[in-house]
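Reading the structure
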Amino acid sequence: MAKYAEIVFPLPFRNSFTYIIPEELEHLAIAGVRAVVPFGKRTVTGFIINISDTTDVTEGLKSVQEILDKNRIFNNEMLNFYKWVADYYLSSLGETIRLSIPYGIEVESQRRITADKEYCKELLANEKRQDTVKFRILEFLSEKDNVTLNSIQKVVNKKNIYHTIKKMNEEGILTIHDDIIDPKVKVKKTRFVRLKKTASEIYEQIPEIETKSPVQLKILLELLKKKNKPVQASKLIAKTEASSASLNGLVKKDLVEIFEKEIERKYIEHYTEEIKLFELTEDQNKIVAEVSQNLNKFQTYLLHGVTGSGKTQVYIELIKKVLEEGKTAIFLVPEISLTPQATARLLNNFPGTVAVMHSRISLGERYDAWRKIVDGKVNVVIGARSAIFAPLKNIGIIIVDEEHDQSYKQFDMTPKYNGRDTAIILAKYNNCPVMLGSATPSIESMYNAKTGKYTLLQLPQRIDDAKMPVIELVNTSYDMGKKKGDFIFSSNLLNRIDDKLKKEEGVIILQNRRGFSTQVYCNDCGQVIICDNCSVPMVYHINKNNISCHYCGLVKTLPDHCGFCGSYSLKYFGMGTEKVEDELGYYFPNANIQRIDSDSISKKASLSNILQSFSKGEIDILVGTQIVSKGLDFSRVTLVGVISAENNLWMPDFRADERTFQLLTQVAGRAGRSKNEGEVLIQTLNPQNFVLQRVLEYDYQGLYENQILQREQMGFPPFTRLCLIEARDLQEDKAKGAINDFYKNILAYKKYVTISEPAPALIARLKSYYRFHLLVKSNKSEDKTGSWLRKAIMDSYIKFKKESKHKDIRLVYDIDPQSMM
């Protein structure tokens, strides 16, 4: 009797597909594994979500070709979790399940097109119309004779070109090839060597081998030392200074054998700390005791602890309790900046049981860590937002450190989930507690705690008798008026830095902008050099002497004259971390200064190595973007300087005040984490600003009350639920037409949701695409789960796809957006 598999794909459509399971694969085909199947004219990898003995589909069923997993990568509870994520964030189930597997392990086919370039040039010259798809394809193929179908689609800016391609194939203009692409990452195997005979038999032949081949003797003696344990061939050859020929000679003599064996690619954390024995404070003990009593039920805890209050140690103690009960734990950190120290502490406390999952580890390391998780060989997973989808079983607690951080929000691919919010739902499906921790909780989380949805826990004091650093606001408006060009350091800040360097204490300087100068402009005509692909200025990088776009990555040689008027009078405006680093080098030539931003830590382990050197006192001053504000815990830091407090305050976003308070309070918290008192100098043009005054007084409650009042009046979260809808296209009129058509459709639901009028995005052009935005709100008091909001959007989208002449234009939905840009 035939069996059938219901399969979903990581593609943007919501229905599942039924396939016949061949008899030889029936024992492997279970719900929760990946299957390779034909899909249209392609071969793709999908996820089996159900197995049945019957099907309503009677015609055209295709067969499963291959099963890729021996063990389930998700169970029924996780499937329900994925369904919730897909439903809430308006994505397909397959797109959501895709988040649970590492990149590069899919099997798929790729359609390749070949053609004769000269023949295409001849046909191109004879084409009468230049506005056709065929013309653009010929134009492309006259330059390149071997391309993928996907690359042609991008060049002509159209997905549906299959009819044209098929017709050109029939006319002999091009040839279509379907290639099966193997996974980009596989199990790593290498050659190992071991003795094939007993030690006594080997010793009998040593005299003869010693005479004829001393090198082979060295190999045998090394293997005898290992007592017949296999040795990696490359290491054996290196240690004995032998060659592959010598080793192969021993194989021919039947004395050794070479075989392949899998080796694990382990992530190595280069930042290390000594294991410290902590005695918990009374407040820490109370929190651990309270949460420990509720480890077997779902509850969301918000841990509001000042910087340096020992939140990490609370997390570690709770993980210990969970592991004692035979369960597992997930520890989320907002981005790569937190992982070196946090990972080192987890590895110290839970050696051999921790898997690290973040973007800086190699594909092979991530794949091997993922396989260990699937096989149940890992108890603790630490990583950035995507680690919440790790296929960990029997989860006993989920930790979300620095829960306020906006990098928990996925912004560049579907589904656009929030790692913090999905962690809460995952904990609910696993019936376990989830702890959100922060010194500056998000307004939404604190509101949930104050209204009883979360349980509020507090750590109001620093550990080890450390005091909160003294914050000083430095008014730079007078100095800035006197100085020509960019003003960077007040005399006050320079004097404090000098004092700390003389005492051999650590200094951290925050400037939340990368590059040397944030703009290059013409002094004669006033034109700013704008990115070719985006409506943003290019940033000057002095180290590489180029200008680059921080949005699309475009890099250009620094021009010597204005591209608009031809003037050679180019000027530089604004300052980034490179300029701050350069100026510090001028004032303190003997200091060891290191910059931390995404440009300087792009190489693997570079951040870990920098932090290790800083902890040892080998680096005197760290200059960085917001990375230096996140989770760094160094007792030697006694001074933090902020170059400009206004960078975030001026952002056109309803969260600008909250984000500024969080960033400044967090970076201030890096100072004074020992008995040496800390100082924080924040340079500003407006010391009387409400937010800066709250930072000065460590007044989170004052900021919260102000923000709650404003948001209730303006209709923003936590009182409403938002969806930001974006239409994007290479042609401005098409993107604008699409958003206007969608707007007309969704107006039918204005009784249930509040709809803003369409407008160009704040960054109107990004990566060559024109962007238009539409903001939709629903009131949480009436639409508690957001179902009205989602229904209004999806119904309007269905109508848009049926009726709009712009239905091929891509619409992107961002539920609970963290940025209005």
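Now for a look at the structure at hand. Since the model is a prediction, treat every value here as computed from it, not as a measurement. (Residues numbered from 1 in each chain as written. Predicted model: local features only at pLDDT ≥ 70, side-chain atom pairs only at ≥ 80, totals over all residues. Heavy atoms only, no water.)

1. Some points on the overall build of the chain
This is how the line gets drawn: By definition, any uninterrupted DSSP run of H or I lasting at least four residues is a helix, any uninterrupted run of E lasting at least two residues is a strand, and each is numbered from the N terminus. Here's how the labels work: a residue is buried when its accessible area is under 20% of the maximum for its type, exposed when over 50%, partly exposed in between, all with a 1.4 Å probe on protein chains only. The criterion used for residue contact is that any of the two residues' heavy atoms lie within 4.5 Å.
Tallying secondary structure elements over the chain gives 26 helices and 34 strands in all. Taken along its principal axes, the extent of the C-alpha atoms in the chain is 85 × 80 × 65 Å. Looking at the chain as a whole, 53% of its 821 residues are labelled buried. Taking the intrachain contacts of the chain between residues at least 6 apart in sequence as the baseline, contacts between residues at least 24 apart amount to 75%.

2. Digging into the pairing of strand E27 (residues 621-624)
The test is simple: Following DSSP output, two strands are said to pair if at least two bridges run between them. By the criterion used throughout, a crossover qualifies as right-handed when its path from the first strand across the helix to the second strand runs clockwise, the strands pointing away from the viewer.
On E27, burial covers both faces: Ile621 and Val623 on one face and Leu622 and Gly624 on the other are all buried. Sheet analysis places strand E20 (residues 506-510) next to E27, joined by 4 bridges and oriented parallel. Bridge assignment links Ile508 to a residue of E27, and that residue is Leu622. Sheet topology note: the strand E26 (residues 593-596)/E27 ladder contains 4 bridges and is parallel. Bridge assignment links Ile596 to a residue of E27, and that residue is Gly624. Assessed by its sense of winding, the connection that carries the chain from E26 through helix H20 (residues 606-615) to E27 is right-handed.

3. Re the nonpolar core
This is how it is decided: The criterion is simple. A nonpolar core is a set of buried Ala, Val, Leu, Ile, Met, Phe, Trp, Tyr and Cys residues joined through side-chain atoms within 4.5 Å.
Core analysis: the largest hydrophobic core is formed by 115 residues, its most contacted members being Ile398 and Ile793. When near neighbours in sequence (up to four residues on either side) are disregarded, Ile793 contacts Leu90, Cys723, Ile725, Phe742, Ile746, Tyr813 and Ile815.

4. Brief notes about the side chain of Lys500
Applicable threshold: As used in this structure description, the phrase polar contact means that two N or O atoms lie within 3.5 Å; if the pair is within protein, one of them must be able to donate a hydrogen and the other to accept it, and residues adjacent in sequence are counted only when both atoms belong to side chains.
For Lys500, the location among the structural elements is in helix H18 (residues 491-502). Of the residues examined, Lys500 reaches a relative accessible area of 4% and is grouped as buried. In this structure the side chain of Lys500 is engaged in a polar contact, spanning 2.8 Å, whose partner is the side chain of Glu679. Discounting chain neighbours no more than four positions away, the residues touching Lys500 are Glu505, Val507, Thr638, Leu639 and Glu679.

5. Description of the side chain of Ser142
Examined against the element boundaries, Ser142 turns out to sit in the loop between helix H4 (133-141) and strand E7 (146-148). What makes Ser142 buried here is its relative accessible area of 4%. Among the polar contacts made by the side chain of Ser142, one reaches the main-chain carbonyl oxygen of Glu139 at a distance of 2.7 Å. If near-sequence neighbours (up to four positions away) are discounted, Ser142 is found in contact with Lys117, Cys120, Lys121 and Leu124.

6. Points about the sheet that holds strand E24 (residues 555-557)
Our working rule: For helices, the axis comes from a line fit to the C-alpha atoms of the stretch in contact; other axes are also lines fit to C-alpha atoms, and the angle between any two N-to-C directions lies between 0 and 180 degrees.
In spatial order, the strands read E22-E23-E24; together these 3 strands make up an open sheet with antiparallel pairing. Strand pairing shows two members of the sheet lacking a second neighbour, strand E22 (539-541) and E24, which therefore form its edges. Between one strand axis and the next, the sheet turns by 35° as a mean value, whatever way the strands run. One ladder, built from 3 bridges, connects E22 with strand E23 (residues 546-548); its direction is antiparallel. By the bridge assignment, His541 is partnered in E23 with Asn546.

7. Remarks on the packing of aromatic side chains
Where two aromatic rings form a pair, the distance of their centres and the angle of their planes describe that pair. Applicable threshold: For this analysis, a ring pair means two rings from Phe, Tyr or Trp (six-membered ring only for Trp) whose centres lie within 6.5 Å, classed as stacked if their planes differ by under 30 degrees, edge-to-face if by over 60, and tilted for the remaining angles.
Inspection of every chain in the model, using the stated rule, returns 32 aromatic pairs. Centre to centre, the rings of Tyr88 and Tyr89 are 4.9 Å apart; their planes meet at 80°, and the pair counts as edge-to-face. On the basis of an interplanar angle of 90° and a centroid distance of 5.6 Å, the ring pair of Tyr797 and Tyr813 is categorised as edge-to-face. With Tyr797 in helix H26 (residues 787-803) and Tyr813 in strand E34 (residues 810-815), this residue pair connects regions lying 16 residues apart in the sequence. Given the relative accessible area of 25%, Tyr797 is considered partly exposed. For Tyr813, a relative accessible area of 11% gives the class buried. One aromatic cluster is present, formed by Phe9, Phe13, Phe17, Tyr19 and Phe39 through successive ring pairs.

8. A word on the pattern of salt bridges
The criterion, for reference: One side-chain nitrogen of Lys or Arg within 4 Å of one carboxyl oxygen of Asp or Glu is enough to make a salt bridge.
Across all of its chains, the model carries 45 salt bridges by this definition. Lys3 is paired through a salt bridge with Asp53; the nearest N and O atoms lie 2.8 Å apart. Taken together, the residues Lys3 in strand E1 (residues 3-8) and Asp53 in the loop between strand E4 (42-52) and strand E5 (66-67) connect sequence positions 50 residues apart. By relative accessible area, which is 29% here, Lys3 ends up partly exposed. Asp53 gets classed as partly exposed once you look at its relative accessible area, which sits at 38%. The residue Glu679 makes a salt bridge to Arg496 at a minimum N-O spacing of 2.7 Å. Of the two residues, Glu679 is situated in strand E29 (residues 679-684) and Arg496 in helix H18; the sequence distance between them amounts to 183 residues.

9. Some points on the packing of H4 against helix H5 (residues 149-156)
For the record, the criterion: Here is the rule for angles: anything less than 35 degrees is roughly parallel, anything more than 145 is roughly antiparallel, 65 through 115 is roughly perpendicular, and the remaining ranges are oblique. Here a crossing is called left-handed whenever its near helix is offset anticlockwise from the far helix by less than a right angle, and right-handed whenever the offset is clockwise. Following the grouping adopted for this structure description, the nonpolar residues are Ala, Val, Leu, Ile, Met, Phe, Trp, Tyr, Cys and Pro, the charged ones are Asp, Glu, Lys and Arg, and the polar ones are all others, Gly among them.
H5 packs onto H4 with a crossing angle of 120° between their chain directions and a minimal axis gap of 10 Å. With respect to H5, the axis of H4 lies oblique. In the packing of H4 onto H5, the handedness of the crossing is right-handed. Every residue of H5 that contacts H4 at Val133, Arg136, Ile137 and Phe140 is listed here: Ser151, Ile152, Val155 and Val156. Counted by class, the contact of H4 with H5 contains 6 nonpolar, 1 polar and 1 charged residues.

10. With respect to the sheet that holds strand E6 (residues 108-115)
Ordered in space as E7-E6-E8, the 3 strands form an open sheet in which the pairing is antiparallel. The open sheet has two free edges, formed respectively by E7 and strand E8 (174-181), since each of these has just one partner strand. Between one strand and the next, the sheet's axes are offset by a mean angle of 30°, whatever the strand orientation. With 8 bridges joining them, E6 and E8 adopt antiparallel strand pairing. Paired with Arg112 across the strands is His177, a residue of E8. Contacting E6 and E7, H5 runs over the sheet at an angle of about 80° to E7. Packed on one face of the sheet, helix H6 (residues 162-170) meets E6 and E8 and runs near 120° to E8.

11. Looking at unusual backbone geometry
Omega for the peptide link from Thr414 to Pro415 comes to 0°, which places this bond in the cis form. Counting through the fold element by element, Pro415 comes out in the loop between strand E16 (395-401) and helix H15 (419-430). Put simply, Pro717 and Pro718 share a cis peptide bond, and its omega is 15°. Among the structural elements, Pro718 can be located in the loop between helix H24 (700-714) and strand E30 (720-729). Residue Lys767 is not a glycine yet carries a positive backbone phi of 55°. Within the secondary structure layout, Lys767 lies in the loop between strand E32 (759-766) and strand E33 (769-779). Here Lys767 falls in the partly exposed class, since its relative accessible area comes to 48%. A positive phi angle, close to 55°, is found at Asp816, a residue other than glycine.

12. Brief notes about the packing of H4 against H6
The N-to-C vectors of H4 and H6 enclose an angle of 65°; their axes lie 10 Å apart at closest approach. Note that H4 runs across H6; the crossing there is right-handed. Judged by residue contacts, Val133, Lys134, Ile137 and Leu138 of H4 engage Thr164, Ile165 and Met168 from H6. Among the residues forming the contact of H4 with H6, the class breakdown is 5 nonpolar, 1 polar and 1 charged.

13. Thoughts on the state of the cysteines
Quick note on the threshold: For the purposes of this analysis, a disulfide is any pair of cysteine sulfur atoms at a distance within 2.5 Å.
As enumerated under the stated definition, the model contains 0 disulfides in all. No disulfide involves Cys552; its sulfur sits 3.6 Å from the nearest other cysteine sulfur, which is in Cys531. According to the relative accessible area criterion, Cys552 is partly exposed, its value standing at 25%.

On their own, these measurements won't tell you what the molecule is for.
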